[in-house]
Amino acid sequence: MAITVKFFANFREVTRKEQERVEGTKNVASLLDDLVRRFGEGLAEQLYSPGTRKLRGTVNILVNGRGIGFLRELDTPLKDGDVVAIFPPVAGGKLTPGELKRYSRQIIIPGLGKRGQLKLKQAHVFVAGLGGLGSPSSIYLVAAGVGHLTIIDEQKVDLTNLNRQVLHWELDVGRSKAGSAVEKLFAMNPNVKVNSKLKRITPKNVNKLIKGADVVIDGMDNYPTRYLLNKACVRNRIPFIHGAVEGLVGQLMTILPKKGPCLKCAVPREPPKKPVFPVLGATPGVIGCLQAIEAIKLITGVGKPLVGRMLIFNGRNMTFDEIRIKRDPSCPVCSRLSR
Ligand SMILES: [Zn+2]
């Protein structure tokens, strides 16, 4: 006899197992210690708040179908034959009293309501890049209660990033952006499940990475990766919110596969590459916030998305202009999709 542990959702991803048998453990705390020894720090990151042995708000544990209680009683005893289930609560169809209060000022927005807030809670947004655009967009998505965020960046924080990448602070210089970001976002709103990935987006992994996302945010600083994301989003029918900045100028467009032009229709060729380009931090601040608004609109159904229109923000003259964009019938990415 032994204890059977069943993993669900992200816990299944990190352990790569549906279940595991564990022997000789006396309570939930020692069981979790044993599992972390077997499956490594990746599991510890999903289970515990950073730097602690306290369970994250996004972890549910049942022992023989019974919760271990609001107090997260890790000393709940275990015996042979017990079945322990570990899963995230984000699939829940209800807003808690705490959530209703936290989001009360946006729930009263006409058209959003409790129904829209619940949609946000059940949504999964993929933020590609945690720099000048990914910082403000992920901050506002987490603050708004998007239930599940996947964030990805392969880089480490550099001193030259700090004028615009507001998720990363002086004390983070030299550490991974993914690690720095997940810590800040969790501290901001522990109701949100944030998966961070320290990876480069490549033609090989892009489809797998964005799988299951409801919206993808373009927080990249280069066109090859943007095009890769654009193509994968069109192919997988996932809305893609493009943003880009240089100096005091920024652009924004929402790509809804089948419903409007894609990034390749709007920007068919990669603009000339510059090894270092100028950016005033508030410019990606503006565009990243607009990307968060577009994502929240798509998820909740509020308003009219920026489809078939490219918004150009010019901070130098403080103007917002709109360029109509049509689907290119010979676009190599989206022309084969039926309307
Ligand atoms: Zn296209």
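Since this is a predicted model, take the numbers as computed values, not measurements. (Residues numbered from 1 in each chain as written. Predicted model: local features only at pLDDT ≥ 70, side-chain atom pairs only at ≥ 80, totals over all residues. Heavy atoms only, no water.)

Draft legend 1. Spotlight on the coordination of the zinc ion. Distances from the zinc ion to its protein donors, namely C262 (SG), C265 (SG), C331 (SG) and C334 (SG), fall within the range 2.2 to 2.3 Å. Coordination geometry of the zinc ion: the four donor atoms subtend angles of 94 to 122 degrees at the metal centre, consistent with an arrangement described as tetrahedral. Read from N- to C-terminus, the donor residues coordinating the zinc ion fall into the pattern C-x2-C-x65-C-x2-C. For the pair formed by C331 and C334, the shared burial category is buried. (Donors = N, O, S within 2.8 Å, 3.2 Å for Na, K, Ca; no water. Tetrahedral: all angles 85-135°; square planar, octahedral: opposite > 155°, others 65-115°. Buried < 20%, exposed > 50% of the residue type's maximum accessible area, 1.4 Å probe, protein only.)

Draft legend 2. Geometry of the domain arrangement of the protein chain. Taken domain by domain, the protein chain holds domain 1 (3–91) and domain 2 (123–324). Applying the counting criterion to the domain 1 and domain 2 interface returns zero salt bridges. Across the contact surface, domain 1 and domain 2 share one residue pair in polar contact (both at pLDDT 80 or more). For the side of domain 1 that touches domain 2, the per-class residue count stands at three nonpolar, five polar and one charged. (Domains from an automatic or database assignment. Salt bridge = Lys/Arg side-chain N within 4 Å of Asp/Glu carboxyl O. Polar contact = N/O pair within 3.5 Å; in protein donor to acceptor, adjacent residues only side chain to side chain. Nonpolar A, V, L, I, M, F, W, Y, C, P; charged D, E, K, R; others polar.)

Draft legend 3. Spatial organisation of helix α7 (residues 134–143). Along α7, eight of the ten residues are buried, which leaves the element largely enclosed by surrounding structure. Within α7 the residues assigned to the buried category are G134, S135, P136, S137, S138, I139, L141 and V142. Tucked into the core, α7 has its buried residues touching β6 (124–128), β7 (148–152), α8 (177–188), β8 (193–197), β9 (215–218) and α12 (282–300). G145 occupies a position one or two residues after α7 and carries a positive phi of about 90 degrees. (Helix = DSSP H or I, 4+ residues; strand = E, 2+ residues; numbered from the N terminus. Contact = heavy atoms within 4.5 Å.)

Draft legend 4. Here's a closer look at helix α6 (residues 113–121). Regarding α6, the residues found buried are G113, G116, Q117, L118, L120 and K121. Tucked inside the fold, the buried residues of α6 contact α4 (97–102), α5 (104–107) and α12.

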